[in-house]
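# Analysis of the macromolecular model
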Amino acid sequence: MGAFTSFGRKLMKLSQYFMPILRDDPKEAEIVSHRLMLRTGMIRQESAGIYSWLPMGLRVLKKIEQIVREEQDRAGALEVLMPTIQSADLWRKSGRYDDYGKEMLRITDRHERDMLFGPTNEEMITDIFRAGVQSYKDVPRNLYHIQWKFRDEIRPRFGVMRGREFLMKDAYSFDVSAEDGRHSYNKMFVSYLRTYARMGLKAIPMRAETGPIGGDMSHEFLILAETGESEVFFDRDFYDMDWSAFEIDYDDLETVSQTVTEYTSKYAASDEKHEPEEFEKRVPESRRLSGRGIEVGHIFFFGTKYSEPLGCVVQSADGKPVALHSGSYGIGVSRLAGAIIEASHDDDGIIWPESVAPFKVGLINLKAGDAETDAACANLYSGLCQKGIDVLYDDRDDRPGAKFARMDLIGLPWQVIIGPRGLKDGVAEVKERATGERQNVPLDNVVSLF
RNA sequence: CGGGGCGUGGCGCAGUCUGGUAGCGCAUCUGGUUUGGGACCAGAGGGUCGCAAGUUCGAAUCUUGCCGCCCCGACCA
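All of these numbers come straight from a predicted model, not from anything done at the bench. (Residues numbered from 1 in each chain as written. Chains lettered and ligands numbered in written order. Predicted model: local features only at pLDDT ≥ 70, side-chain atom pairs only at ≥ 80, totals over all residues. Heavy atoms only, no water.)

### Overview of the overall build of chain A
Counting its secondary structure elements, chain A contains 13 helices and 24 strands. Each principal axis of the C-alpha distribution contributes one length, and for chain A these read about 80 × 65 × 45 Å. Of all 450 residues assigned to chain A, the portion counted as buried reaches 53%. Accessible area for chain A stands at about 20,500 Å²; split by element, carbon and sulfur atoms hold 46% of it. (Helix = DSSP H or I, 4+ residues; strand = E, 2+ residues; numbered from the N terminus. Buried < 20%, exposed > 50% of the residue type's maximum accessible area, 1.4 Å probe, protein only. Areas by Shrake-Rupley, 256 points an atom, 1.4 Å probe, with all protein chains shown as cover.)

### What to know about the protein's contact with RNA strand B
The full set close to RNA strand B counts 48 residues, and I154, R155, R399, D408 and G422 are the nearest of them. Among the atoms of RNA strand B close to the protein, meaning within 4 Å, 49% are from sugar or phosphate groups. In the model, a base oxygen of RNA strand B is placed 3.3 Å from a nitrogen or oxygen of the P420 main chain. Elements represented by at least two residues in the surface near RNA strand B include exactly strand 2 (43–47), strand 9 (165–175), strand 14 (288–303), helix 11 (400–410), helix 12 (420–424) and strand 23 (427–432). Sorting elements by how many residues they give to the surface near RNA strand B places helix 11 first, with six residues. Residues that form the surface near RNA strand B fall into these classes: 17 nonpolar, nine polar and 22 charged. (Near = heavy atom within 4 Å. Polar contact = N/O pair within 3.5 Å; in protein donor to acceptor, adjacent residues only side chain to side chain. Nonpolar A, V, L, I, M, F, W, Y, C, P; charged D, E, K, R; others polar.)

### Remarks on the packing of aromatic side chains
Tallied over the entire structure, the rule returns 19 aromatic pairs. Between W91 and Y100, the ring centres sit 5.6 Å apart and the planes meet at 80°, which makes this aromatic pair edge-to-face. Judged on exposure class, the residue W91 and its partner Y100 are both buried. Aromatic side chains Y192 and Y196 sit 6.0 Å apart centroid to centroid with 90° between the ring planes, which places their arrangement in the edge-to-face category. With Y192 and Y196 both in helix 6 (residues 178–198), this residue pair falls four residues apart, about one helical turn. (Phe/Tyr/Trp six-rings, centres within 6.5 Å; stacked < 30°, edge-to-face > 60°.)

### Details of the confidence of the model for chain A
Averaged over chain A, the pLDDT score is 92; the fraction of residues at 70 or greater is 96%. Note that residues 1–8 has pLDDT below 50 and, in this model, 12 contacts with residues that lie over four places away or in other chains. Across the predicted assembly, pTM comes out at 0.95 and ipTM at 0.92. (pLDDT = per-residue confidence, 0-100. Contact = heavy atoms within 4.5 Å.)

### What about the side chain of S270?
Inspection of the secondary structure puts S270 in strand 13 (residues 268–270). Under the relative-accessibility criterion, S270 is labelled buried at 1%. Dropping the residues within four chain positions of it, S270 is found in contact with M206, E220, S230, E231 and V232.

Here it is in structure tokens:
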């Protein structure tokens, strides 16, 4: 096998990869994330609001998905997988078959049965839960899945930011009472803070339209970006809050609740919920900020809206039946791919946060075909791969300038540059994409940097 | 759905008004010279001009119908 042994899917040589880079901007792409996703060959449009994910894009999507999954698991949610196609029956029971309107893609099977491509899964999950539990001892529970949804949007746009087919994580909590439900809600709230933090995002929770229960049990999470779809108003103090993925004990009701309070006590609202008088009253002028935001998550509590019509009932401690109280919690996984780019790019291209970068290191061979640079690259490449680092090795016979531009465009966090000049001194140039900082590192020390 | 625009090699565009059998840049391939921030020279391949019908000796170009896509608005992860 030699130097280029494959360790799982860590390694990738550009000469063997599929990354159709475009030098010019496709004209349909108006916003930067859409442009960059098309230009770096992450995605390809198949139809309005429907995309194929090519190797680079898929790697990013999978990494985002995995972070979401890990944080859901950490918060105690259990992963399931429901189908993309659903029967109309459940939706007729909940009354939403007619309510949902044209946004729902309706289809019929060969027996003329009414089916639909799921836009969401409240009905199905409630039915699954109903069939699986009989006792109050079986709750609380939170089930989630990460699945493709289809909503026949009036106007899809901005690439994967508003697709018709999109990958979404949706979680559903079940509790015997609204009071208990609050803790389930709070846990998801906190898990969202952690999830976004791990992707390098500051997603500000903003009060959203409340469900039938009212109160403060619905929040949208918005990240700030110039190209965001909604206008947002918030307190400058949000900047000073802890946006790291802080540790928390999800079973500690008090701490979880306090954390939620901490992140919801300051003013933050998107345009439709914005109350100018309230904003002025609560926030001193010097701290009032406004900007654009992208919604990357939405959580809400809807009580017994689905459990009652669908008969999702358990027997309580005193033997009486009680309809379960539910909340649902969504994160737009595919949208996040675009949103992260909106939040992290420069004139040269994408700047991937390391946690979601398709590869951690780009290895550039400035003189592919030259025995010395080839050997040095092969050596580093296998060293990095053995260490489990995802490396994209640019072994193509291009001019240096083209390689640098390409690597900056695709935005891997680190570049290791090998050329004849550096090799004379036994060093590689290591460049950090985010800062542009470069340093010469002795060849033997390169692997240990990562 | 209302308003605006577009559809011509992989990407970006010209040509359409005034019909005459398709062109430019980038990308790709071959050869050569090059090589530390998007090289140069020479050559080459690649297009049913969105689809259909019509007018005409002749249609990318004119007419009609259809389809697709983008942007602005209402909706949303």
